[in-house]
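A closer look at the structure
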Amino acid sequence: MLAQDLRFALRVLAKSPGFAAIAILTLALGIGANTAIFSVINATLLKPLPYPDTDRLVLVWQTYGGNGPDHINIVSALNMMDVQKQNTVLESMAWFDSAGKGYNLAVGDVPERVSGVRVTAQFFHVLGVKPLLGRTFLPEEETAGRDREVVLSDPLWQRRFSGDPSIIGKQIPIDGQSYTVVGVMPRTFEFQFDSRPRQLWVPAGYTENDLTDRGSNSFIAIGRLKSGVTVEQADSEMNTIGERLAKQYPHDDLNMGAMVMPFTEFGMRDLKTTLWALLAAVGFVLLIACANVANLLLARGAARQREMAIRCALGATHRRIVRQLITESLLMGFLGGVAGIVVAWLGLELVTPLLPTDLQYLPFRHVGAIAIDERVFIFALVLSGLTGVLFGLAPALSARTQIIDPLKEGAGRGLTSVGGNRLRHALVAGEVALALIVLAGAALMIDSMGRLLGVNPGLNPKNVLTMGVSTAQEDLYVGPPVDGQFCQQLTEHLGAIPGVVSVGAVAHLPLSGANAGRGFTIEGQPDPGPKNEPGGGYSVACPNFFRTMGIPLLEGREFTDADTLNSAGVIVMNEATARRYWPKGGALGAHIKLAAFNDAAPWLTVVGIVADFRHDGLDARPRPYFYRPFTQAGWPFMTVVLRTTTAPASFEQPARRALAQMSGNYPASGVLTMEQIVSDSLGSRRFPMLLLSAFASLALILSSVGIAGVVGYSVVQRTYEIGIRMALGAQPRDVLKLVIGGSMLWTLGGVAVGITGALGVTRLLGNLLYGVQPTDPVILSATAVLLMVVALAACYFPARRAMRVDPMVALRYE
């Protein structure tokens, strides 16, 4: 029986190829858009991480000022050693360097800077992975001086060592020192943390600061729950341990707590909101497409009533008629789904280049190429079936099985009932409501992006080239620079390149997402007590950095080559720091002492105050930030910045050659223009804005087509009535009012429902908006007006045909 229904459905569609093509294309656009967005969700949220039993992996955080995601902080090695001993909920525990590092790998003729990370011996065991070759680290190799071992990733092993299995036990030069290769990880193992996948791992190699200062928070801790232990149980115990350590070590751990969170949830809150909001928007587009196809089927059903009457006269039951119509709808749904998969595949080719960096390189997962895999394919098929039922339900339920009236009726006037007309108009009103919600979301995002683009970043990104280098520094917080001539050599070698105006370098480049924080004590002010001292963002810079970046100097001076280890310690801060901690002025020349130093830490003199700039993003207000000169306080990795006279990208190769000629033979990585970095910083907002705009355009087109289609069909059905009206003296403008007025009344109802829905749904976009409220009345009103204008235009053209009806022709036709 099913095969018979399918064969008949195919014949019906084949008899009306134009109708079938329009319906299938409409469904393909809706299903394809949904499938494309689901592909992104699948790759970022649903795909399991490449570790066994991921649900048992957790992150352990220290907390200050409260216990929860908004108060988390990276951890210190000493505190985690105590947590490891005292907890009863973790099967194993490890930690890794929160910052990661670039390592200079000098193999062959061309040195390369590769990303790596310091880890403890249990790191790979906690993740549940074993090496492809060799072994991982031993506990005794965590000690500084005995930490010259390295584990390679499979891509690095294949690329730089040709996959040679005899690499195990050999020594390779990393940062000018010999490291012994003890292992190679399998190809399936990837690990990253807010960066590209790591290519090598080295032992933690604890510094003196790691082993003496509980305030030296520089690690991220991971653990594997014991079987049967819940995250809530582990979180409760960790908080108890944290409070215990706070009482035991009040100087370093005052107000400290501890908490755990599932490994898979870190850094995903905003992303989940964004992607589910996009899926909701594209779901509305699919509903609009379904309403359009349902209207097409209702109109077609009216034309098929004689057919249905004949089938009933021959013995077909109402159930049999409904089953046939549902079969036809399901067939169209699946054909639309197949075409939708093609649309999704083409759409992903367009969407993938738009993915922001923070979406491509999520914490602990590498998205890679977003593709249509088995899960996405099943999603598309299931969605096709549901869609077929959804748009086929209304025509099937409205199917009439009367025999006498349809056979008795002439072929001129349709048999459309009042209820059928109301259903079609109700579907159009629903389309309008859904379209308004999607349009409002897109308008809010566009307005928000426009406001962001108008924000002054506080620096001049034009003609600035950036590139990262590793300085072989071992410690983030203490110690002089390993290469004390680094800044001076930058000026000598890169500054000599024709067309380079100035050269500088900084540890944390503005708008790049890189950050570090430090507390400090102000000379002459009361001691605020542990964990209550002033603080702000902390970075290290070379002379001329601020001038190169176009950051105005307000008071004092920049760093110079005279700021050496033999001179007094100096510091430069931004205006926000001076304004907060010296509200009455006097910041210039003040003395401060940075936290996390030993008791003999020197007092530093504030020698300069620079204007505020948007370090954390164009949407983030400037916060306190201060800088030390690299010549007095080194940093493991620096970003070199060059201001040029012409297009900065053309200076990449000369700059690379100049870096290689320096005494450190520095290979560069991550070469970008500053304008690219500013653009990338908006990626997490630009991506949903562009997609919402595309969905809104599609929703607007589909809804206008739906309105025009229903009005046009209504005109055809009412030709006889219009002819009588005009024969009785009605003027064309009266007909125009009649047609447009009836249709616009339903449209107004849809607009009213849409505004109500938008007031609730657009709140999902709250975290993505800047300078505009989700319920902004101006934007909602403008969206409603736009939709009304489009609806009026869609009604006008069919209404013009009604105005031109010749009453004699209409009556003669009947």
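Above this text you will find the structure in question.
Each chain carries its own residue numbering, running from 1 in the written order of its sequence. The predicted origin of the model limits local features to residues at a pLDDT of at least 70 and limits the giving and counting of side-chain atom pairs to 80 or more, whereas totals for whole chains, interfaces and linings rest on all residues. Side-chain numbers here rest on the full set of heavy atoms in the structure, without hydrogens or water.

1. Details of the pattern of salt bridges
When charged atoms on two side chains of opposite charge get close, those side chains can pair. Within this document, salt bridges are pairs made up of a side-chain nitrogen of Lys or Arg and a carboxyl oxygen of Asp or Glu, the two lying within 4 Å of each other. Here the structure, examined in full by the defined rule, presents 16 salt bridges. Glu-91 is paired through a salt bridge with Arg-56; the nearest N and O atoms lie 2.8 Å apart. Here Glu-91, found in strand β4 (residues 90-97), pairs with Arg-56, found in the loop between α2 (17-46) and β1 (57-64); they are 35 residues apart in sequence, far enough to count as distant. Here's how the labels work: a residue is buried when its accessible area is under 20% of the maximum for its type, exposed when over 50%, partly exposed in between, all with a 1.4 Å probe on protein chains only. Its relative accessible area of 46% is what places Glu-91 among the partly exposed residues. Here Asp-82 makes a salt bridge to Arg-214, at a shortest N to O gap of 2.7 Å. Remark: Arg-214 occurs in the loop between α6 (208-212) and β12 (217-225) and Asp-82 occurs in helix α3 (residues 77-86); sequence separation between them is 132 residues. Of the two residues, Asp-82 and Arg-214, both sit in the buried class. Starting at the N terminus, helices and strands are each numbered in turn, a helix being any DSSP run of H or I of at least four residues and a strand any DSSP run of E of at least two.

2. Things to note about the nonpolar core
One finds Phe-545, Met-549, Tyr-627 and Phe-695 to be the most contacted residues of the largest nonpolar core, which totals 100 residues. Throughout, a residue-residue contact means that at least one pair of heavy atoms, one from each residue, lies within 4.5 Å. Sequence-distant contacts of Phe-695, defined by excluding residues within four places in its chain, comprise Ala-33, Ile-37, Leu-278, Ala-281, Val-282, Val-285 and Val-438. Here, the term nonpolar core denotes a set of buried Ala, Val, Leu, Ile, Met, Phe, Trp, Tyr and Cys residues that are joined through side-chain atoms within 4.5 Å. Among the nonpolar cores identified, the runner-up in size contains 46 residues, and Cys-487, Ala-587, Ile-592 and Phe-637 belong to it.

3. Some words on empty space enclosed by the protein
Cavities and pockets are defined on a 1 Å grid built over the protein atoms alone: a cavity is a set of grid points where a 1.4 Å probe fits but cannot escape, while a pocket is an open set with protein on both sides within 12 Å along at least five of seven lines, and lining residues are those with an atom within 4 Å of any such point. Grid points are joined across faces, edges and corners, and a volume is the space filled by probe spheres set on the points. Following the criterion strictly, the structure yields five cavities of 30 Å³ or more and no others. In this structure, the second largest cavity encloses a volume near 130 Å³. Those elements that place two or more of their residues in the lining of the second largest cavity are α9 (269-303) and α15 (418-453). Looking at which element gives the most residues to the lining of the second largest cavity, the answer is α9, with five residues.

4. Some remarks on unusual backbone geometry
Phi angles above zero are rare outside glycine, and Asp-53 is one such case at about 50°. Mapped onto the elements, Asp-53 comes out in the loop between α2 and β1. Here Asp-53 falls in the partly exposed class, since its relative accessible area comes to 44%. Residues other than glycine seldom take positive phi values, yet Asn-544 does so here, at roughly 75°.

5. So, the state of the cysteines
The term disulfide is used for any two cysteine sulfur atoms that are within 2.5 Å. Under the defined criterion, the tally for this structure stands at one disulfide. The disulfide bridge from Cys-487 ends at Cys-542, spanning 2.0 Å between sulfur atoms. Across the S-S bond of Cys-487 and Cys-542 the torsion is about -70°, and the bridge reads as left-handed. Pair noted here: Cys-487 is in helix α16 (residues 486-493) and Cys-542 is in the loop between β19 (535-541) and α17 (545-549), with a separation of 55 residues, a long-range link. Residue classification places Cys-487 among the buried positions, given a relative accessible area of 3%. Residue Cys-542 is classed as buried on the basis of its relative accessible area of 2%.

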